[in-house]
Amino acid sequence: FQRCRMNEDTGSDYLLPWQLSEVADGGGIGVVEESKHDNFAKGDFVSSFNWPWQTVAILDGSLLQKLVPQLVNGRLSYFLGAAGITGLTALLGIREKGHVAVGANQTMVVSGAAGACGSLAGQIGRLEGCARVVGIAGTDEKCSILVQEMGFDAAINYKKGNVAEQLRELCPGGVDVYFDNVGGDISDTVISQMNQNSHIILCGQISQYNKDVPYPPPLPPDIEKIQKERNITRERFLVLNYMDKREASILQLCQLIQEGKLKVRETVVEGLANIGVAFQSVMNGGNIGKQIVSVSK
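Counting of residues starts from 1 at the beginning of each chain's written sequence and follows it residue by residue. Residues qualify for local features only when their pLDDT is at least 70, as the model is predicted, and side-chain atom pairs are given and counted only at 80 or more; totals for whole chains, interfaces and linings, by contrast, use all residues. Calculation of side-chain values draws on the structure's entire complement of heavy atoms; hydrogens and water are dropped beforehand.

Colleague: So what's going on with the environment of Ala41? Residues and values would help.
Modeller: Here Ala41 lies in the loop between β1 (25–31) and β2 (45–52). Buried, partly exposed and exposed residues are distinguished by accessible area as a fraction of the type maximum, computed with a 1.4 Å probe on protein chains only: under 20%, between the cut-offs, and over 50%, respectively. Residue Ala41 is classed as partly exposed on the basis of its relative accessible area, which comes to 39%. Note on contacts: a residue pair qualifies if any of its non-hydrogen atoms lie within 4.5 Å across the two residues. Not counting residues up to four positions away in its chain, the partners in contact with Ala41 are Val32 and Ser35. Per the convention used, a helix needs a DSSP run of H or I reaching at least four residues, while a strand needs a run of E reaching at least two, with both numbered from the N terminus.

Colleague: Provide a residue-level description of the pattern of salt bridges, including the pertinent values.
Modeller: Note on definitions: salt bridges are taken to be side-chain nitrogens of Lys or Arg within 4 Å of carboxyl oxygens of Asp or Glu. Applying the stated rule across the entire model yields 11 salt bridges. The residue Lys97 makes a salt bridge to Glu235 at a minimum N-O spacing of 2.8 Å. With Lys97 in helix α1 (residues 85–98) and Glu235 in strand β9 (residues 233–236), this pair connects stretches of sequence that are 138 residues apart. Residue classification places Lys97 among the buried positions, given a relative accessible area of 13%. Between Arg265 and Glu149 there is a salt bridge, with its nearest N and O atoms 2.8 Å apart. You can see Arg265 sitting in the loop between α7 (246–258) and β10 (266–270) and its partner Glu149 sitting in the loop between α3 (140–148) and β6 (154–157), a full 116 residues away along the chain. Look at Glu149 and you get partly exposed, because its relative accessible area is 37%.

Colleague: Could you give an account of the pairing of β10, naming the residues involved and the relevant values?
Modeller: Pairing between strands is defined by DSSP: at least two bridges between them are needed. Judged from the 5 bridges that link them, β10 and strand β11 (residues 290–294) form a sheet pairing that is parallel. When the bridges of β11 are listed, Glu270 appears paired with Ser294. For the handedness criterion, the strands are oriented away from the viewer, and a crossover whose path from the first strand over the helix to the second runs clockwise is classed as right-handed. With helix α8 (residues 275–283) bridging β10 and its parallel neighbour β11, the resulting β-α-β unit is right-handed.

Colleague: How would you explain empty space enclosed by the protein if you had to name every residue and give the values?
Modeller: The way it works is a 1 Å grid over only the protein atoms, where trapped points that fit a 1.4 Å probe form a cavity and open points with protein on both sides within 12 Å along at least five of seven lines form a pocket, and then any residue with an atom within 4 Å of a point lines it. Grid points are joined across faces, edges and corners, and a volume is the space filled by probe spheres set on the points. Applying the stated criterion across every chain yields a total of 1 cavity of 30 Å³ or more. Looking at the largest cavity, its volume works out to about 70 Å³. Residue lining of the largest cavity: 13 residues in total, with Gly81, Ala82, Val264, Arg265 and Lys290 positioned closest to the centre. If one sorts the elements of the lining of the largest cavity by residue count, helix α2 (residues 116–128) sits on top with 3 residues. For the domains described, the bounds stem from an automatic or database domain assignment. Shared between two domains, the lining of the largest cavity holds at least three residues of each, these being domain 1 (3–84 + 245–294) and domain 2 (101–239).

Here it is in structure tokens:
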């Protein structure tokens, strides 16, 4: 989201660009110090999709959501990730566009697999019924965490070796579901190994966001031919179109977290003064799981 907002044209009708000389914003959580809104009282924890990057702010109560810390065992930051819009994107993306069926022996591949959404998507794919889950990430450390902590069957460091060869070895039966966070060459490689009547969950195309192309970005002719010949679905997925399922889905995610079935990783930076450093780190792939900036007055 934030990378898109760095462009004058965000490429999306639901994201506004950041404005020069104005406070940047993003998903955030805070505690109410004073309220004139009937739904909130001092001490309540609240969240907003457009939280200003500052220590104290006056916000419109109609745009805030009250949080229940007990749902995430007191880990409030989870409401920005696994129990928030990130978790919803993974869960609803798989359910609405993945066509996962228990017992169908499906193989799922996740790109950007060590990020906030990808790390959840692989686990949820398994919980929904995928027999095999393979992640693609950018460091050996990330790949190790995916397999040892997140329960992925295998992970590929795309910066090492031949990704196509590794995919063929790790997905001998082909790919049935692809949770796509990156687009570009990596996605072209995965699509070339997808099965007949398989499905792409078009979550993100981070490799394409600085290019002047429509969304979803067009595929190269040879890859587009494969997609059409194999009847591979590749439809735009926007989690905001499924907000009628938000409340029930958030409760499901919280239950999975409480039961230990959904492992959550965060990369935490302390202090508002370091928010620029954290933001740059995200752009360079420095985070594992959700990037969090913890701020106190």
